[in-house]
Amino acid sequence: MATTARTDPKSVVVRYVEAVRDGDAQTIFDSFAEDATWLYPGSLPISRLWEGRDAIINDFLGGMGAYLDTSAPVIIELVSAFADGDRVLAEWTSKATAAGGAAYDNRCAGVFTVRDGKITSVREYADTRHVADVLFPEA
């Protein structure tokens, strides 16, 4: 069975990261399978296995706004993406201003699994010390 650009794993992940960059909520929602999971590492308040598209989008991704200065831009840039079958390794940078005013500038990577044109799981890797220092200084 041939893969189309709509369901090709790398294309799905690139489209998702670009949707986050562009603030395209519908494409972000459409990128995930209903039962998707996202594992965020470390011992931060956001560190855990997020289960289900709604929890990932509303609670994890959407909840980050509480830790950011929402009047300042969030800049997401895809650095690279490599695919091997249904798995995609994507690397991106995230730049923003924390709610407390500190500069947030992190380089992140995620191992995405894509099936039938939907993201089914993500394991994210980031500098959690930087996340803790800038976004959760009281934690």
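Residues numbered from 1 in each chain as written. Predicted model: local features only at pLDDT ≥ 70, side-chain atom pairs only at ≥ 80, totals over all residues. Heavy atoms only, no water.

Enquirer: A description of unusual backbone geometry should follow, citing residues and the corresponding values.
Expert: Backbone geometry places Asp116, a non-glycine residue, at a positive phi of 55°. One can find Asp116 in the loop between β5 (103-115) and β6 (118-125). Classification of Asp116 as exposed rests on a relative accessible area of 75%. (Helix = DSSP H or I, 4+ residues; strand = E, 2+ residues; numbered from the N terminus. Buried < 20%, exposed > 50% of the residue type's maximum accessible area, 1.4 Å probe, protein only.)

Enquirer: Mind laying out the sheet that holds β6, listing which residues take part and the relevant values?
Expert: With mixed pairing, the six strands of this open sheet are ordered in space as β2-β1-β6-β5-β4-β3. The sheet is open, and its two borders are formed by β2 (48-51) and β3 (75-84), each paired with just one other strand. Taking the axes of each pair of neighbouring strands and ignoring which way they run, one obtains an average angle of 20° across the sheet. Pairing of β3 with strand β4 (residues 87-97) involves nine bridges; the strand directions are antiparallel. Bridge pairing links Ile76 to Ser94 in β4. On top of the sheet, helix α3 (residues 53-61) reaches β1 (32-40), β2 and β6; it is set at about 45° to β1, its chief contact. (Pairing = 2+ DSSP bridges. Axes fitted to C-alpha atoms, helices over the stretch in contact; angles between N-to-C directions. Contact = heavy atoms within 4.5 Å.)

Enquirer: Describe helix α1 (residues 9-22), listing the residues and the values that go with them.
Expert: Between the first and last C-alpha of α1 there are 20 Å, a value that for 14 residues agrees with the 20 Å anticipated at 1.5 Å per step. What α1 keeps buried is the set Pro9, Val12, Val13, Val14, Tyr16, Val17 and Ala19. Just downstream of α1 lies Gly23, where phi reads positive at about 70°. (Expected span 1.5 Å × (residues − 1).)

Enquirer: Now, about the side chain of Ser94: what can you tell me, with residues and values included?
Expert: Its location among the elements puts Ser94 in strand β4. Leaving out residues up to four positions away in the same chain, Ser94 has contacts with Ile75, Ile76, Tyr104, Asp105, Asn106 and Cys108.

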